[in-house]
Amino acid sequence: MSSHNEQTQRQYLEHASCGGIEPQITALDAARELKERTLPSKRNQALYALLETWGLPEGLQALAETYNEYYADLANYLEVPEGKPVLPGSTIITYYQALTGGGVENTQMRLIGIWKQLGYRVVVMLEEEPDKEVAKQLGAPIYLIPTATATHYAERAAALERILDETGACAIVYHKWLCRVFLWDLLLLKAHGLSVICHTHGAYSHSIHNGDLLFSHLAPVYSLCDALVALSAADRFFWSHFNDHVYETLNPTALELEDMKPSVNPKAHNILWLARFSPEKGTENALLIFKKVLERVPDATLDLVGTAASSHYQQSIEQLVRSLEIADRVNMPGWINDPENYYRNANVFLLTSSDEGFALTLAESRYYGIPCVMFDLPNLTLKGERLGIE
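Remember, it's a predicted structure, so these values are computed and weren't measured experimentally.

> Which parts of the structure should I look at to understand the pairing of strand 4 (residues 171-174)?
Successive side chains on a regular strand alternate, one facing one side of the sheet and the next facing the other. Alternating residues of strand 4 divide into Ala171 and Val173 and Ile172 and Tyr174, and every residue in both groups is buried. Strand direction decides the pairing type here: strand 4 and strand 5 (residues 195-199), joined by 4 bridges, are parallel. Looking across to strand 5, one finds that Tyr174 is bridged to Cys198. Following the backbone out of strand 4, through helix 9 (residues 182-191) and into the adjacent parallel strand 5, one traces a crossover that is right-handed.

> Which parts of the structure should I look at to understand the nonpolar core?
When a protein is soluble and globular, its nonpolar side chains tend to lie buried together. Ranked by size, the top nonpolar core spans 61 residues in total, and within it Leu60, Leu63, Ile172, Phe182, Leu183 and Trp184 carry the most contacts. Ranked by residues supplied to this core, first place goes to helix 9 with 7 residues. Contact partners of Leu63, with chain neighbours within four places excluded, come to Ala31, Leu34, Leu47, Leu50, Leu51, Asn68 and Trp184.

> For this particular structure, what's the right way to read the packing of aromatic side chains?
Both the distance between ring centres and the angle between the ring planes are used here to describe each pair of aromatic rings. Counting across every chain of the model gives 13 aromatic pairs. Relative to Trp184, the ring of Tyr71 lies with its centre 5.4 Å away and its plane at 85 degrees, an arrangement referred to as edge-to-face. With Tyr71 in the loop between helix 4 (56-67) and helix 5 (72-75) and Trp184 in helix 9, this pair connects stretches of sequence that are 113 residues apart. Side by side, Tyr71 and Trp184 carry an identical accessibility label, which is buried. Ring centres 4.9 Å apart and planes at 65 degrees place the aromatic pair Tyr95 and Tyr174 in the edge-to-face group. Taken together, the positions of Tyr95 in strand 1 (residues 91-95) and Tyr174 in strand 4 put the pair 79 residues apart, joining distant regions of the chain. Tyr174 matches Tyr95 in its accessibility class, with the two residues each being buried. Joined through ring pairs, the aromatic side chains of Tyr95, Tyr174, Phe182, Tyr204, Tyr222, Phe238, Trp239 and Phe242 make up one cluster. Of note, Lys35 hangs over the ring of Tyr67, and the distance from its end group to the ring centre comes to 5.5 Å.

> Hey, could you run me through the confidence of the model for the protein chain in this one?
A low pLDDT score tells you not to read the predicted coordinates there in detail. For the protein chain, per-residue confidence averages 85 on the pLDDT scale, and residues scoring 70 or more make up 84% of the total. Confidence over residues 1-9 falls short of pLDDT 50; this stretch has 5 contacts with residues more than four positions distant or in other chains.

Criteria and thresholds
- Residues numbered from 1 in each chain as written.
- Predicted model: local features only at pLDDT ≥ 70, side-chain atom pairs only at ≥ 80, totals over all residues.
- Heavy atoms only, no water.
- Buried < 20%, exposed > 50% of the residue type's maximum accessible area, 1.4 Å probe, protein only.
- Helix = DSSP H or I, 4+ residues; strand = E, 2+ residues; numbered from the N terminus.
- Pairing = 2+ DSSP bridges.
- Right-handed = clockwise from strand over helix to strand, strands pointing away.
- Core = buried A, V, L, I, M, F, W, Y, C linked by side-chain atoms within 4.5 Å.
- Contact = heavy atoms within 4.5 Å.
- Phe/Tyr/Trp six-rings, centres within 6.5 Å; stacked < 30°, edge-to-face > 60°.
- Lys NZ or Arg CZ within 6 Å of the ring centre and 35° of its normal.
- pLDDT = per-residue confidence, 0-100.

Okay, structure coming up:
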């Protein structure tokens, strides 16, 4: 065994003996010891001993492989340093997996402009290469990182560290609020001294509604963030049980109310659906509903505006259109940077999400004076009395 490895093991022995676990040859062995044999009161100390001994990429890789996305038993006992104030002139990272035309992406693009006006430098971090035209509109440097998976987390950690070194960022706005490797990202970001602000873009009940166990494991991670951003009073109240710094806001839009001119649509019986193609947005339901509409209104048309994050799901939607035999009545233009013409050509806006945090398209449809047909989503701020939908 090399002298370096012997020194590493001696260092780990000194740290881990305080944390209640025995030194191991590999980081993966140490992570398993942490999960299976370490007392809850010793887990925080043992985790930092592990990361100090093996370093962030290897140590976090071992933890991600061991815990995967079920890390509440660890997160509940962790302590992280508080972030420093984020002052104008400093650099902010804004992170989401992609820019494919959804509400989160549009919100992120609006926020970039606001932050730059306030004097911040902004860096965009994505998992997928954006469209060239979209990249131009951002007006900010773009960095790509590997997809958020536990099995290859070391690659993501190394890329994230390079971005932090190159940008000198002091804070990150984490828009991917349901990320399954959030804890491992947060530990790395905190090790580099960043403030971590998580922007929750959906209802707190989203994961519960979909029967996803992730909910119970994310809540303790949210408690470690420097701040949470919520989009409704209900969400703010719920998350305040886990974090003392929860702020309710409205997602920014490009709509100027003083310039509002309700649409006078020359095209009859046209339905607009606009969102990211995904199960939670109800893309399939929109097509099934439209099929029913055609039985009563044969000349109806549907503008299905948006794209899917994965080619597989995109193909499944296109196949459903064909199987329902409605291809000649459905227009699928993809992601549109400025959907104004689609709103102005619509008679009805269709919102088929099973849950939403804010529903920016709901605000947009009201701006253009288009009636909206939607499921009852009582948590939405815009659904309140005299706030848009009653």
